[in-house]
Amino acid sequence: MKKKLSVVIGGSKGHGLEIVNELKARGDHIINISRSKNNKANENICIDLASAKLLNSLKNKIKSRKIDSLIFSQKYRGTNFDEEIKVMVKSCKDIVLLFKNNFNVNSSVVFLSTTAIKRIADQDINYYISQVSRNIISKFFAVKFNKNKVRFNTILPSRAIKKENKKYFIKNKKERKKLIKINPLNTIPTSKDVAMLVNFLTSENSKMINGETIAVDGGLNLYGQEQLLNDYNQKKL
């Protein structure tokens, strides 16, 4: 049986790294597109998503190959608004349209955003604009793409344990305990949890799930702010 082709944008770090591991474990052929190489991917296309050469480079590398899964898990770490929009929003739209004729029937596209789009916290406004826009792109294409039954969904991870911050959570026991206490499932989500949902959403088991936004937070976003304040004042946290 021919391996499924999965393309992961930003598959060298964070959630993207775990997604590559998860999809490769199920037998997919993985192409990682990011600035950094991931040795566990079958192929790497190392390029900046803000580069003017992005689309031509991808077109020359992918050519006419058929794509079964496309996952956007990139993260912008700068402060320039225009560049952030290019990396987090425009590149998503452009890549989906570039691959329009490459998608197999019943292919799946998954965008990673964040539960932070449901609340306003201490992030810069640029962050919220780019993250909300990814969710909107997903919903727009879920309705308007109309080709080969390709489905589009968004995952909203909350703060999670991943390779890059595992040592931080081990060291900061007090913060870890607080995050566990306020979570209805009494745990902290991990990048593995996110990757397992990506696995499901890019499998045949989810062929009727389209245009959805799914949080991976153990129900943390349901914790009422008044209750949170009460628990804090009563020293339950």
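Residues numbered from 1 in each chain as written. Predicted model: local features only at pLDDT ≥ 70, side-chain atom pairs only at ≥ 80, totals over all residues. Heavy atoms only, no water.

1. Things to note about the overall build of the chain
1) Next: If you tally the helices and strands in the chain, you get 8 helices and 7 strands.
2) Next: Here the C-alpha radius of gyration of the chain, 18 Å, is about what a compact globule of 237 residues would show, namely 18 Å.
3) Next: Oriented by its inertia axes, the alpha-carbon framework of the chain measures out at about 60 × 40 × 35 Å.
4) Next: Considering the chain as a whole, with its 237 residues, one finds that 45% of them fall into the buried category.
5) Next: Once local pairs closer than 6 in sequence are excluded, the contacts in the chain between residues at least 24 apart make up 67%.
6) Next: Charged side chains of the chain number 45 positive and 20 negative; the gap between the two group centres comes to 4 Å. (Helix = DSSP H or I, 4+ residues; strand = E, 2+ residues; numbered from the N terminus. Rg over C-alpha atoms; globule rule 2.2 N^0.38 Å. Buried < 20%, exposed > 50% of the residue type's maximum accessible area, 1.4 Å probe, protein only. Contact = heavy atoms within 4.5 Å. Lys, Arg positive; Asp, Glu negative; His and termini not counted. Charge placed at Lys NZ, Arg CZ, Asp CG, Glu CD.)

2. Considering the pattern of salt bridges
1) Next: If you walk through the whole model with that rule in mind, you get 6 salt bridges.
2) Next: Put simply, arginine 65 and glutamate 43 hold a salt bridge, and the shortest N to O gap is 2.7 Å. Here arginine 65, found in the loop between α2 (54-62) and β4 (67-72), pairs with glutamate 43, found in strand β3 (residues 43-46); they are 22 residues apart in sequence, far enough to count as distant.
3) Next: Relative accessible area serves as the criterion here: at 26%, glutamate 43 is assigned to the partly exposed category.
4) Next: Where lysine 93 meets aspartate 94, a salt bridge forms, and the shortest distance between an N and an O atom there is 3.0 Å.
5) Next: Residue lysine 93 is classed as partly exposed on the basis of its relative accessible area, which comes to 38%.
6) Next: Here aspartate 94 falls in the buried class, since its relative accessible area comes to 14%.
7) Next: In the salt-bridge network here, residues are joined through shared partners; they are Lys90, Lys93 and Asp94. (Salt bridge = Lys/Arg side-chain N within 4 Å of Asp/Glu carboxyl O.)

3. Notes on the nonpolar core
Nonpolar side chains in soluble globular proteins tend to end up buried together.
1) Next: Judged by nonpolar contacts, the single largest core of 31 residues is most densely connected at Ile33, Leu70, Phe72, Ile95 and Phe152.
2) Next: When contributions to this core are tallied by element, the ones reaching two or more residues are β1 (5-9), β2 (29-34), α2, β4, α3 (81-98), β5 (103-112) and α4 (125-144).
3) Next: The element contributing the most residues to this core is α3, with 6 residues.
4) Next: For phenylalanine 72, the residues in contact, after removing those within four places along its chain, are Ile9, Ser91, Cys92, Ile95, Val96, Val109, Val110, Phe111, Leu112 and Arg134.
5) Next: In terms of nonpolar packing, the next biggest core, distinct from the first, is built from 16 residues, Ala41, Ile71, Leu112 and Leu201 among them. (Core = buried A, V, L, I, M, F, W, Y, C linked by side-chain atoms within 4.5 Å.)

4. Observations regarding a positive patch on the surface
1) Next: Taken together, the side chains of Lys3, Lys24, Lys40 and Lys163 present a region of like positive charge at the surface.
2) Next: Here lysine 3 is to be found in the segment before β1. (Patch = residues over 30% accessible without salt bridge, like charges linked within 9 Å, V, L, I, M, F, W, Y side chains within 5 Å. Areas by Shrake-Rupley, 256 points an atom, 1.4 Å probe, with all protein chains shown as cover.)

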